[in-house]
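Given next are the chains, with one letter for each unit.
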Amino acid sequence: MTDAIAHHPTEETLAAFASGTLDEARGLIVSMHLSLCAACSRKVGGYEAIGGELLEQATPVSLEPGALRNVLRLIDKNSAAPDKMPEEPLGRYQLGPWRWVGPGVRQRSVSVPEVSNIKVFMLKAAPGTKLPHHKHTGYEWTCVLEGAFEHQFGRYGPGDFDEADETMEHKPTVCDGDPCICIVALKGNIVLQSRLGRIIQPLLRL
């Protein structure tokens, strides 16, 4: 677990994760945060306990043939021991090679199936890199794994969770020290806001 995490998912997001209603892309980003944040892990455990109580009070219904076997297989596939490394949620995905997307910035794919224009990838940016001023046509959920960046909403270090949507514009700068590595779930596109950004955007594949 990482100390001094300052930025966390909203209570609504944690509750949605606990109930299993997040899509796979956003669920992975929350999982990465939970692997580093003991406080949010406890909250999710609390929400899951509440859900269990509600299930206990629900009227029983008949299961489809093979339902129990399928559930047990999923539990076995997704369970992880408490001492697993933070990257454990990524264990069942394939990572692509790092590729250049801009000065000081590399990107690699994460093999989460792209559904409804939602994609997952990792970004690696060198210290001091100033990312372009941009906004989004959908949402961008980010968990910092190494290093740190900052923008007008604060500083984001290892374990911090940044939840942006189409109403927000920001201009992140990578902090001094280690390169900043993040995992991102992006719905829609990043839209560069400067005149130069709009000219070069088709070349950057953002």
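Residues numbered from 1 in each chain as written. Predicted model: local features only at pLDDT ≥ 70, side-chain atom pairs only at ≥ 80, totals over all residues. Heavy atoms only, no water.

K.L.:
Can you break down the sheet that holds strand β6 (residues 149-151) residue by residue, with the values?
P.N.:
Across the sheet, which stays open at both edges, the 3 strands sit in the order β7-β6-β10 with antiparallel pairing between neighbours. With partners counted over all chains shown, the strands left at the sheet margins are β7 (154-156) and β10 (173-174), one partner each. Bridge analysis of β6 against β7 gives 3 bridges, and the strand direction is antiparallel. Its bridge partner lying in β7, Glu150 is registered against Arg155. (Pairing = 2+ DSSP bridges. Helix = DSSP H or I, 4+ residues; strand = E, 2+ residues; numbered from the N terminus.)

K.L.:
Got a sec to walk through the side chain of Thr129? Specific residues and values, please.
P.N.:
You can see Thr129 is positioned in the loop between β3 (118-125) and β4 (134-136). Leaving out residues up to four positions away in the same chain, Thr129 has contacts with Pro103, Gly104, Val105, Pro172, Thr173 and Val174. (Contact = heavy atoms within 4.5 Å.)

K.L.:
Pulling in residues and values, what's your account of the packing of aromatic side chains?
P.N.:
For the coordinates displayed, the defined rule picks out 3 aromatic pairs. Each ring, one from Tyr139 and one from Trp141, has its centre 5.9 Å from the other, and the planes form 45 degrees; the classification is tilted. Considered together, Tyr139 and Trp141 belong to a single accessibility category, that of buried residues. Seen in terms of ring centroids, Trp141 and Phe161 are 5.6 Å apart; in terms of plane orientation they differ by 70 degrees. Their pairing is edge-to-face. Note that Trp141 is positioned in strand β5 (residues 140-146) and Phe161 in strand β8 (residues 161-164), a separation of 20 residues in sequence. Given a relative accessible area of 3%, Phe161 falls into the buried group. (Phe/Tyr/Trp six-rings, centres within 6.5 Å; stacked < 30°, edge-to-face > 60°. Buried < 20%, exposed > 50% of the residue type's maximum accessible area, 1.4 Å probe, protein only.)

K.L.:
With reference to specific residues and values, describe helix α2 (residues 24-34).
P.N.:
Of all 11 residues that make up α2, 8 are buried, and the element is covered over most of its length. Within the span of α2, buried status applies to Ala25, Gly27, Leu28, Ile29, Val30, Met32, His33 and Leu34. Here α2 starts with a cap whose side-chain oxygen sits 3.2 Å from the backbone nitrogen of Ala25, and that cap is Asp23. (Polar contact = N/O pair within 3.5 Å; in protein donor to acceptor, adjacent residues only side chain to side chain.)

K.L.:
Tell me what's going on with the pairing of strand β11 (residues 180-187), and back it up with residues and numbers.
P.N.:
Regular strands place side chains that alternate from one sheet face to the opposite one. Burial runs high along β11: 7 of the 8 residues are buried. In this structure, β3 lies alongside β11, joined through 8 bridges in antiparallel fashion. Across the sheet, residue Phe121 finds its bridge partner in β11, namely Val184. In the sheet, β5 pairs with β11 via 6 bridges, with the strands oriented antiparallel. Counted as the bridge partner of Thr142 is Val184 from β11.

K.L.:
Any details on the pattern of salt bridges? Residues and values, ideally.
P.N.:
If you walk through the whole model with that rule in mind, you get 3 salt bridges. The salt bridge involving Lys43 is made with Glu11; its shortest N-O contact spans 2.7 Å. Taken together, the residues Lys43 in helix α3 (residues 38-57) and Glu11 in helix α1 (residues 11-19) connect sequence positions 32 residues apart. In this structure, Glu24 and Arg92 form a salt bridge, with 3.9 Å as the shortest nitrogen-oxygen distance. Here Glu24 is found in helix α2, whereas its partner Arg92 is found in the loop between α4 (67-78) and β1 (99-102), with 68 residues between them in sequence. (Salt bridge = Lys/Arg side-chain N within 4 Å of Asp/Glu carboxyl O.)

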